[in-house]
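# A closer look at the structure
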Amino acid sequence: MSDMPRYTPQQLGQTAGDKARALTAADLADFTRAAARVGEGYSLRNRFLMWIQDPKVSQVAGFRAWRQQNRRVRKGARGLAILAPITRPSTDDQSDRQSGHEPDGAAEGPRVAGDRPRRIASCKVIYVFDISQTEPLIPCPRCGQSCTCPSPAPNVAGTPASGEVTAMLDALAATNDDGDEQP
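Residues numbered from 1 in each chain as written. Predicted model: local features only at pLDDT ≥ 70, side-chain atom pairs only at ≥ 80, totals over all residues. Heavy atoms only, no water.

### A few points about the confidence of the model for the chain
Our working rule: A score from 0 to 100, pLDDT tells how confident the predictor is in each residue. Note on contacts: a residue pair is in contact if any heavy atoms of the two residues lie within 4.5 Å.
Residues with a pLDDT of 70 or more make up 69% of the chain, whose mean pLDDT is 78. For residues 98–107, every residue scores under 50 in pLDDT, and the model assigns this stretch 15 contacts once sequence neighbours within four places are set aside.

Below, the structure written as structure tokens:
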């Protein structure tokens, strides 16, 4: 996997912005179907990033998550680059919300009981793999072979609301050449 392309968050933002500006109605319909297949476990922006790298994306997980599901990523498979938030303890909730840099529209990260609120400080690029890039560690109980049958509980979700998709695509299309959002 040494030849896997490595992206920076800015490069991913630029690629997504370029694709968002060039979308056709057919592309939008295709993306909406793909986003529903992937499910709500990933932000709409990350589902868009997955789709522009693999339009047939369906069920995704990280390397370790596939191992926990008794599947292994095929040797040489190229991961789909997405953005993962890096959170830090919030020092001042009001100033964090006014900073304007809130990837995927989230102002705070997860909270633990008794813990200070957290804010998204930045993002890093991580890689996930589609089920078509994996194979079972043991023969499939459905067909008895090494196949890509969906796992018993695939990520099933409804189609994202068109307003959500439009707002996300407008934000992506408004990025400048550095991958930063325009004011």
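### Details of the pattern of salt bridges
In a structure, side chains of opposite charge can pair up when their charged atoms sit close to one another. Convention followed: Whenever Lys or Arg places a side-chain nitrogen within 4 Å of a carboxyl oxygen from Asp or Glu, that contact is recorded as a salt bridge. Here a strand is any run of E in DSSP of at least two residues, a helix any run of H or I of at least four, and the numbering for each starts at the N terminus. Each residue is placed in one exposure class: buried if its accessible area under a 1.4 Å probe, protein chains only, is under 20% of its type's maximum, exposed if it is over 50%, and partly exposed if it falls in between.
What the rule picks out here adds up to 4 salt bridges. Taking the shortest distance from any N to any O, the salt bridge between D18 and R21 comes out at 2.7 Å. Within this pair, D18 and its partner R21 are both found in helix α1 (residues 9–21), separated by 3 residues, close to a single helical turn. D18 sits in the partly exposed class, given a relative accessible area of 38%. Note that R74 and E135 form a salt bridge whose closest N and O atoms lie 3.4 Å from each other. With R74 in the loop between β2 (71–73) and β3 (80–89) and E135 in strand β5 (residues 134–136), this residue pair connects regions lying 61 residues apart in the sequence. Put simply, R72, R74 and E135 are held in one network by salt bridges that share partners.

### Description of the sheet that holds β3
Heads up, the condition is: Any two strands with at least two DSSP bridges between them are considered paired.
Strand order in the open sheet made by the 3 strands is β1-β4-β3, with antiparallel pairing throughout. In this open sheet, the two edge strands, each paired with only one partner strand, are β1 (60–61) and β3. In terms of strand pairing, β1 meets strand β4 (residues 118–130) through 2 bridges, oriented antiparallel. Within β4, the residue paired with A61 across the bridge is F129.

### Section: the packing of aromatic side chains
Each aromatic ring pair is specified by the distance between its two centres and by the angle formed by the two planes. The test is simple: Side-chain rings of Phe, Tyr and Trp (the six-membered ring for Trp) are treated as a pair once their centres are within 6.5 Å; stacked means planes under 30 degrees apart, edge-to-face means over 60, and tilted covers the remaining angles.
Here the structure, examined in full by the defined rule, presents 3 aromatic pairs. A centroid spacing of 5.2 Å and a plane angle of 85° characterise the contact between F31 and F48, whose relative ring orientation is edge-to-face. Residue F31 is located in helix α2 (residues 25–38), and its partner F48 is located in helix α3 (residues 44–53); the two are separated by 17 residues in the primary sequence. A residue is classified by how much of its surface remains accessible, and F48, at 0% relative accessible area, is buried. Ring geometry for F48 against W51: centres 5.8 Å apart, planes inclined by 35°, an arrangement best described as tilted. In this pair, F48 and W51 are both assigned in helix α3, 3 residues apart and thus about one turn of the helix distant. An aromatic cluster of at least three residues, connected via ring pairs, comprises F31, F48 and W51.

### Things to note about the environment of S90
In this fold, S90 is placed in the loop between β3 and α5 (93–98). Distance in space between the C-alpha atoms of S90 and R116 is 6.8 Å, their sequence separation being 26 residues.

### Topic: the nonpolar core
This is how the line gets drawn: Remark: nonpolar core denotes a set of buried residues (Ala, Val, Leu, Ile, Met, Phe, Trp, Tyr, Cys) joined through side-chain atoms within 4.5 Å.
Core analysis: the largest hydrophobic core is formed by 27 residues, its most contacted members being F31, F48, M50 and V60. Sorting the residues of this core by element identifies α1, α2, α3, β3, β4 and α6 (162–173) as the ones contributing at least two each. Looking at this core, the element that brings in the most residues is α3, giving 5 residues. Among the nonpolar cores identified, the runner-up in size contains 6 residues, and A61, W66, A77 and I131 belong to it.

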